[in-house]
Amino acid sequence: MSDAPAAKNDDVMKKLVALCKNRGFVFQSSEIYGGLKSAYDYGPLGAELKRNLMAEWWRDMVTTRENVVGIDASIIMRPEVWRASGHAAGFADPLVDCQVSKERFRADKAPRPAAPGPLPITCPDKGVAKTYAEIIEKNFAVALERDGNVLNGLKAISATEFGFFPKGADAPAKTWPWRGYVSPLIGSPFLTAEKQFNLMFRTALGAVDPMQEVAEITARLTAQGDLVEAVKAHFGKTAESGALAKALESGERAKILRAVAEQVTGASMVYLRPETAQAMFVQFKNVMNSMSLKPPFGIAQMGKSFRNEVTVEHFIFRSCEFEQMEMEFFCEPGTQGGWMDYWKEQRMAWWRRFANHPEKFKFRPHEKDELAHYADQCFDVEYEYPWGWGELEGIASRTDHDLHAHQDASGENLEYVDQEKADPKSGKKPWKYLPYVIEPAAGATRAVLCFLLDAYHEEERTTAAGEKEVRTLLKLHPRLAPIKCAVLPLIKKDGMPEKAREIVAALLRAGVNAKYDEKHSIGKRYAKHDEIGTPWCLTIDPDTLKDGTVTLRDRDTTQQVRIKADEAVREIRERLDRC
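On a predicted model such as this, the values are computed, not experimentally measured, just so you know.

## Some words on the sheet that holds strand β12 (residues 154-158)
A sheet is described by the order of its strands in space; here four strands give the open sequence β8-β12-β13-β14, paired in antiparallel fashion. The open sheet is flanked by β8 (117-118) and β14 (174-177), the only strands paired with a single partner.

## Here's the deal with the pattern of salt bridges
Counted by the stated rule, this structure contains 38 salt bridges. Its salt-bridge partner being Arg 104, residue Asp 97 comes within 2.8 Å of it at the nearest N-O pair. Note that Glu 145 and Lys 167 form a salt bridge whose closest N and O atoms lie 3.7 Å from each other. Here the residue Glu 145 occupies a position in strand β10 (residues 145-147), and Lys 167 occupies one in the loop between β13 (161-164) and β14, the gap between them amounting to 22 residues. The class of Glu 145 is partly exposed, set by a relative accessible area of 36%. Taking relative accessible area as the criterion, Lys 167 reaches 74% and is therefore assigned exposed. The network of salt bridges with shared partners includes Glu 459, Arg 471, Lys 475, Asp 530 and Arg 553.

## What about the sheet that holds strand β15 (residues 202-204)?
Reading across from one edge, β5-β16-β15 is the order of the three strands in this open sheet, with antiparallel pairing throughout. Of all strands in the sheet, those bounded by a partner on one side alone are β5 (76-77) and β15. Sheet topology places β5 next to strand β16 (residues 269-272); two bridges connect them, and they run antiparallel. Across the sheet, residue Ile 76 finds its bridge partner in β16, namely Leu 272.

## Topic: unusual backbone geometry
Residues other than glycine predominantly adopt negative phi, and peptide bonds predominantly adopt the trans conformation. Here the residue pair Ala 115 and Pro 116 is connected by a cis peptide bond, since its omega of 0° sits within 30 degrees of zero. Looking at the secondary structure, you find Pro 116 in the loop between β7 (104-106) and β8. Put simply, Pro 295 and Pro 296 share a cis peptide bond, and its omega is 5°. For Pro 296, the location among the structural elements is in the loop between α10 (284-290) and β17 (297-306). You will see that Ser 292, though not glycine, has its phi angle at about 55°, which is positive. Locating Ser 292 in the fold gives a position in the loop between α10 and β17.

Scoring rules and cut-offs
- Residues numbered from 1 in each chain as written.
- Predicted model: local features only at pLDDT ≥ 70, side-chain atom pairs only at ≥ 80, totals over all residues.
- Heavy atoms only, no water.
- Pairing = 2+ DSSP bridges.
- Helix = DSSP H or I, 4+ residues; strand = E, 2+ residues; numbered from the N terminus.
- Salt bridge = Lys/Arg side-chain N within 4 Å of Asp/Glu carboxyl O.
- Buried < 20%, exposed > 50% of the residue type's maximum accessible area, 1.4 Å probe, protein only.

The following block contains the structure:
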């Protein structure tokens, strides 16, 4: 037996997608109606594989640790949560990204410096200033002058143009179009175009459909001659501020009607969560107090998330509905570097533990120009997919950004009070602080695809008739395999089925997912279970009824040994425990 010639990357994906459908791992959602783009259903084996994988994550991250607890939060939360986190801002307002710091902000809330006049970029510290100066020089081909944490040399020429003025120069060496505002965080005029983002799925909370009210109000307003005056008359003082006022000021009919719809539906509008993380920040204080925890400790959660921004591709790698496995680890400010190193090691070890090819996993550090403005470190765990390296998990040092945002937005004090330690600034007890956060955030659905690809294997072998054939198998780690053991009567008579079902029942009572299988020849049954990743098969034959032994076959080696039938459960259980 030998490995078959390596298939092309595209062939591997095609073969795996076909296997997933034919063997009950993954189906296209709504397939009999033509399918739904980016949506997939997990079949009997896929559901078991995903459940096993997530259970292993939970066991490693929660149940085997004293300082990590789990929650299971609602998919629907109050809209204020997503406004505080920054996810919801793009539904009614255009958003802009700073091309230097990667900050995303609302264009209508951005600072507007006087023109003409200087445009200094003010950074948090000298180190960040050096980094941002390098980014600007690399991306925009100008070398700004560094003065401590401030970058000088940019000036607003007019309300629509800014330029780079070398030290002492009266004329710009280079100019760019300008919309008259800069980023709130550092004052950068290097910005992306304004975009109307639609990151989250929206729905209405309540039994009454708000779209009926939208239709009725829109019909009344549009029946009148002057839409602007009609809206002002209908909404009164509400039309004097906010998104509705801005739409009326623009005079654009489409913007006004959208703002009307937003105003009418706003009271009942909620979102499907785009990530599981925010509930852990919102419930930080409740969890800490109810469980008598003190930093360092973690809160973990698994569950579904929904993102409407995703470009769907590569089967289940990227889809609009997916499952996450996330943990927020809260620690003292200043200790985050050590904890980042710890969680990096822990998480990489977990991925490699279940892999046949651990060399296909690596860390990719985020470059300074791609870090979020609040993060001080971030690493991606990447896997070498057939199309190239792709992200499996992000491990980010998020400082106190999230707790700070929710504390400011909610008015709730989320500080931890350490009675035993003195405040580093005042030197007096107690020390009140917002914990810093290390966030290992993994994709469960991506992990399913990763381990299916890692397990997919083809071997060329010679049959008893001397013919060459290719054996396809999934070398899934036994703890991940959907079925741990198949029990196969050699023939469907002479008491063999009854004995096989007796062993299956014993395995199930012991917590081992076992399946009885009597269809087709024994060779075809072996091939089927190789292909779906079943690690072991127990075969009941005439000798079983004579001497009480069964054949135990190993998936990867195809080796067979005889063991006592009454020791089969213990043998399989011990093999699983050794994995």
